[in-house]
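Residues per chain, in single letters:
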Amino acid sequence: MSRIRPANGAVPFLYGYLNRAHTVLAVWCPPCNDWHLHHDLYRPGTTVHAEAACTRPGSPYRAGGYDVNITYIPLDHVLRQARLYR
Ligand SMILES: [Zn+2]
């Protein structure tokens, strides 16, 4: 996967949510309409760059990935909330 950034240097960002151990970063990807999971040791309140895990050909993130703003909201909280709106 390419790390090339757009000509204007801008990288789109998404919000990310961590599991309790801070080892799984879950990013909701609107173009794919799905979660992308990244594995490392992360800290809430930081921003990381991630290669896009997009499978959808038209996803704008495939070329340069995305920056992820890691929130303090635990992933299990987000998933619980999401279930309420199904
Ligand atoms: Zn995607």
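For the structure itself, consult the block above.
Just so it is clear, the model here is predicted, and its values are computed rather than measured. Here, residues in each chain are numbered from 1, in the same order as that chain's written sequence. Note on the predicted model: pLDDT of at least 70 is required for a residue's local features to be given, and 80 or more for side-chain atom pairs to be given and counted; whole-chain, interface and lining totals, by contrast, use all residues.

## A few points about the overall build of the protein
Moving on, step 1. The numbering of helices and of strands both runs from the N terminus, where a helix is a DSSP run of H or I of at least 4 residues and a strand a run of E of at least 2. Helix and strand counts for the protein come out as one helix and five strands.
Moving on, step 2. Listing every helix and strand of the protein by position from the N terminus yields β-β-β-β-β-α.
Moving on, step 3. Among the 86 residues that make up the protein, the fraction classed as buried is 15%.
Moving on, step 4. What counts as a contact is two residues whose backbone-derived C-beta atoms lie within 7 Å of each other. Sequence-distant contacts, at least 24 apart, represent 55% of the contacts inside the protein between residues at least 6 apart. Residue burial here comes from a neighbour count, namely the number of other C-beta atoms, placed from the backbone, that lie within 10 Å of the residue's own C-beta, with 20 or more meaning buried, 12 or fewer meaning exposed, and in between meaning partly exposed.

## Things to note about the pairing of strand S2 (residues 24–29)
Regular strands place their side chains on alternate faces of the sheet.
Moving on, step 1. Pairing geometry for strand S1 (residues 13–18) and S2, over three bridges, is antiparallel. Following the sheet pairing, Tyr17 is matched in S2 by Ala26.
Moving on, step 2. Whether two strands pair comes down to DSSP finding at least two bridges between them. Between S1 and S2, which pair antiparallel in sequence order, lie five residues; one of them, His22, sits at a positive phi of approximately 65 degrees.
Moving on, step 3. Sheet topology note: the S2/strand S3 (residues 34–39) ladder contains six bridges and is antiparallel. The partner of Leu25 across the bridge, within S3, is His38.
Moving on, step 4. Where S2 folds back onto S3 in an antiparallel hairpin, the turn is made up of four residues, including Asn33, whose phi is positive at roughly 55 degrees.

## Focus on unusual backbone geometry
Moving on, step 1. Backbone geometry places His22, a non-glycine residue, at a positive phi of 65 degrees.
Moving on, step 2. Looking at His22, the number of C-beta atoms within 10 Å reads 15, which means it is partly exposed.
Moving on, step 3. Located in the positive-phi region is Asn33, a residue other than glycine, with phi close to 55 degrees.

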